[in-house]
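Here is what each chain is made of, one letter per residue.
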Amino acid sequence: MKFTKLACAVVAGLGLVASSYSEDKQPASAPAQESAIIGFDNKNLELQDVFSNAEESSWTKDQFKALQSSVEKENGRFLSTNKKKSVQADPAKISPYMVKFRERLLAAKTGEDMAELFENLETDYKAFADNKAAFNDVANADFRYFYARVAPTRQMGGIAWRMVPAVEKIRASQEILVGVLRSMAEQVMIHSPGTHHEALFRYLTEPQKGKLTRFNNENDIQTFFVKEISPELQKSISSIKSLMDLVAKQPIVYDSRLRFGEASFPDKNEKQYRLIGGAELASVLARLHRRLAGIQTFVAYDFRGYLYLRDQISYQQGMAIANAPLMDLFAGKPEIGDLTRQGRVAIMRSVTKKSEYANFGKIVAAGKWGKFTNGKPYFSGEQLMRLAYNNLYQSAQFLKIANEALEKRDEKYENSDWLLDPAVFVQRDELNDVAVDSLVALTEAGDYKNNANDKGQRGVKSALSGEVVQVNLKAYFLNPPKNLVDMMPTKFEQGPKELSDKSFCRNCSYRNYFLGRATAWNPTAYSQIFPGTNGADISHKMDILTESRGGRVAANLLMPFVR
């Protein structure tokens, strides 16, 4: 897990993550709807309301089949005609609620404007949701959808500023994060100065009222994900699911200026307005479930000590010179070391010897991140990993629905204004199908209601060599490693630092770049995900996995330890 990349993702990506509040119960006529949570004051949000039945409320195969049927009814797709239809986005169908929100968003110029926008949005949306007739009207589905997509951004107010105390202790991490943010600021001012893009960037990076609690270490950041981001994602998922039946009746009209800015699309020949239907919603749900799974996997382990680890590694690589006292430089310290993989692993193992970092890499106990408001301890790492696997299953199923919907859309429509253009995907139909089928197979055992007896082992095929590796994601997530440090390499290539064995150049010496490379891993630690491994074959199994279609979900778990 690259903690610095994660920190950057918090600022750059999760600010646009989806979230929503929905009505307390969906219409009984909906073929595949689950109960959602209503609530508008985050201070009063009860975590157990969102998560207590997180696994039990996830959809089953029968519900996904019903959803597929609903998506296929989208805009009369299967009319008895051989002629392709053309569906155009009519801006007149944008609801008054959405028009009001759009104009406020496009008018935002500062971080304070964005904060005020979110405050007004909460007030407006509460009044909207209290009006059941308006809330359930298909004509207003666009406001429900866009609230779900942007609402959690309010949780990200001042996130970059809040992270400073934790990150600034480590010069290398600070330099990386500051560099990324400066680059983003430059891009905003090149492409979108004085727009809502600049306002959003300022909202994410500058202190915001009511969001002044700062993060002093990695555990504080993990707690933020648990208490402020995860609930929003869960509610967002429930809300967008509730829209599936509505978009089957009438697609949502999307104004692309919401993404590209108020001054975009001066040429009326460019398509400013697009349509959001079942395929688009399924694609969004796949992404949200995958993000939630990633967060749950992250907070299942204690990362207190990661920044110290980066500090120690950067010192060995000479990065600490900038912080070194003048006398240390005269004394020849710190020097730039020749840090091999073996050296980095040794540093990682040394981190756990410090009392304050003794739990680094260990799976967390129940209550590590606090308690639910009913007094029960928050999930253990084992429970979080189980939820993560179930979310990966949900993600794969929605991705499959989106893929199939796009194939059907290509058969029935042409020159239409859908946000996802089927022509882009149909050109890679065969590859897409293989990747989706592989991903579904790897996660299918996550459907605990129907597949409780599924052992989870699947064969994954390399697209290059044709070799097959047996992978068991279910076993890995349901019996996760107790300590991520155990996943690190255990054997390394040995030899001299310098070589000089060229017959034509006896006095030429050159660095041995293979020295210290990983050659074997603990077979016990990898036996769940790679059944029958001997530890020395892990790199080859990973090679097959990374070359496969749809195997990335498994490869990403192991990449920090193998590559």
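The rules we used
- Along each chain, residues carry numbers from 1 onward, in the same order as the chain's sequence is written.
- In view of the model being predicted, local features appear only for residues whose pLDDT reaches at least 70, and side-chain atom pairs are presented and counted only at 80 or more, with totals across whole chains, interfaces and linings using the full set of residues.
- No hydrogens and no water enter the side-chain calculation; it runs on all heavy atoms of the structure.
- Note on geometry: axes are C-alpha line fits, over the in-contact stretch for helices, and angles between N-to-C directions span 0 to 180 degrees.
- Numbering of helices and strands starts at the N terminus; helices are DSSP runs of H or I of at least 4 residues and strands are runs of E of at least 2.
- For classification, angles of less than 35 degrees are called roughly parallel, those exceeding 145 degrees roughly antiparallel, those between 65 and 115 degrees roughly perpendicular, and all remaining angles oblique.
- Whether a crossing is left-handed or right-handed is set by the direction in which the near helix is turned from the far one by less than a right angle, anticlockwise for left-handed and clockwise for right-handed.
- Throughout, a residue-residue contact means that at least one pair of heavy atoms, one from each residue, lies within 4.5 Å.
- Polar here means any residue other than Ala, Val, Leu, Ile, Met, Phe, Trp, Tyr, Cys and Pro, which are nonpolar, and Asp, Glu, Lys and Arg, which are charged; Gly is therefore polar.
- Buried residues are those whose accessible area, probed at 1.4 Å on protein chains only, stays under 20% of the maximum for their type, while exposed residues exceed 50% and partly exposed ones sit between those limits.
- The definition of a polar contact used here is a pair of N or O atoms within 3.5 Å, where within protein one atom must be able to donate a hydrogen and the other to accept one, and adjacent residues in sequence count solely through side-chain atom pairs.
- Every definition here rests on a 1 Å grid over the protein atoms only: cavities are sets of points where a 1.4 Å probe fits but cannot get out, pockets are open sets enclosed by protein on both sides within 12 Å along at least five of seven lines, and lining residues have some atom within 4 Å of a point.
- Grid points are joined across faces, edges and corners, and a volume is the space filled by probe spheres set on the points.
- In what follows, salt bridge is the name for a side-chain nitrogen of Lys or Arg lying within 4 Å of a carboxyl oxygen of Asp or Glu.
- For two strands to be treated as a pair, DSSP must find at least two bridges joining them.
- Between 30 and 60 degrees the pair is tilted, below 30 it is stacked and above 60 it is edge-to-face, where a pair is any two Phe, Tyr or Trp rings, Trp via its six-membered ring, whose centres lie within 6.5 Å.
- Only when the NZ atom of a Lys or the CZ atom of an Arg is both within 6 Å of the ring centre and within 35 degrees of the ring normal do we say a charge sits over the ring.

Draft legend 1. Examining the packing of helix α11 (residues 218-241) against helix α14 (residues 278-299) more closely. Between α11 and α14, whose axes approach to 10 Å, the crossing angle comes to 155°. By the angle between their directions, the pair α11 and α14 is classed as roughly antiparallel. In the packing of α11 onto α14, the handedness of the crossing is left-handed. Taking contact as the criterion, the partners of Gln222, Phe225, Val226, Ile229, Ser230, Leu233, Gln234, Ser236, Ile237, Ile240 and Lys241 in α11 are, on α14, Leu281, Val284, Leu285, Leu288, His289, Arg291, Leu292, Ile295, Phe298 and Val299. When its residues are assigned to classes, the contact of α11 with α14 shows 14 nonpolar, five polar and two charged.

Draft legend 2. Representation of the side chain of serine 192. Along the chain, serine 192 turns up in the loop between α9 (171-191) and α10 (196-205). Classification of serine 192 by relative accessible area gives buried; the value is 10%. Within the structure, the side chain of serine 192 is placed 3.1 Å from the side chain of histidine 197, a separation counted as a polar contact. When residues no more than four places from it in sequence are discounted, the contact partners of serine 192 are Gln187, His197 and Glu198.

Draft legend 3. Representation of empty space enclosed by the protein within the structure. Following the criterion strictly, the structure yields four cavities of 30 Å³ or more and no others. Lys93, Val138, Ala139, Ala141, Asp142, Gln250, Pro251, Ile252 and Val253 together form the lining of the second largest cavity. The set of elements that each furnish at least two residues to the lining of the second largest cavity consists of α7 (141-150) and β1 (252-255). Here the residues of the lining of the second largest cavity sort into six nonpolar, one polar and two charged.

Draft legend 4. Spatial organisation of unusual backbone geometry. The backbone of phenylalanine 265 sits at a positive phi, close to 60°, despite the residue not being glycine. Structurally, the position occupied by phenylalanine 265 is in the loop between α13 (257-260) and β2 (273-276). Judged by its relative accessible area of 18%, phenylalanine 265 is buried. Of note, the phi angle at asparagine 415 is positive, near 55°, even though the residue is not glycine. Judged by relative accessible area, which is 62%, asparagine 415 ranks as exposed.

Draft legend 5. Geometry of the pattern of salt bridges. Taken as a whole and assessed by the stated rule, the structure comprises 20 salt bridges. Aspartate 130 serves as the salt-bridge partner of lysine 126, at 3.3 Å between the closest nitrogen and oxygen. Here lysine 126 pairs with aspartate 130, and both are found in helix α5 (residues 111-130), just four residues apart, close to one helical turn. The partly exposed category is assigned to lysine 126, whose relative accessible area is 38%. When the shortest N-O distance is used, the salt bridge between arginine 202 and glutamate 198 registers 2.9 Å. Remark: glutamate 198 and arginine 202 occur in helix α10; sequence separation between them is four residues, near one turn of the helix. Connected via shared salt-bridge partners are Arg102, Glu103, Asp255 and Arg257.

Draft legend 6. Quick peek at the pairing of β1. The alternating pattern of β1 places Ile252 and Tyr254 on one face and Val253 and Asp255 on the opposite face, and all of these are buried. With four bridges joining them, β1 and β2 adopt antiparallel strand pairing. Counted as the bridge partner of tyrosine 254 is arginine 274 from β2.

Draft legend 7. Structural detail: the packing of aromatic side chains. One pass over the full model with this rule turns up 23 aromatic pairs. Each ring, one from tyrosine 97 and one from phenylalanine 143, has its centre 5.8 Å from the other, and the planes form 15°; the classification is stacked. Remark: phenylalanine 143 occurs in helix α7 and tyrosine 97 occurs in helix α4 (residues 96-107); sequence separation between them is 46 residues. Given a relative accessible area of 29%, tyrosine 97 falls into the partly exposed group. For phenylalanine 143, a relative accessible area of 3% translates into the label buried. The positively charged end of arginine 144 is found above the aromatic ring belonging to phenylalanine 135, 4.1 Å away from the centroid. Cation over ring: arginine 214 sits above tryptophan 161, and NZ or CZ is 3.8 Å from the ring centre.

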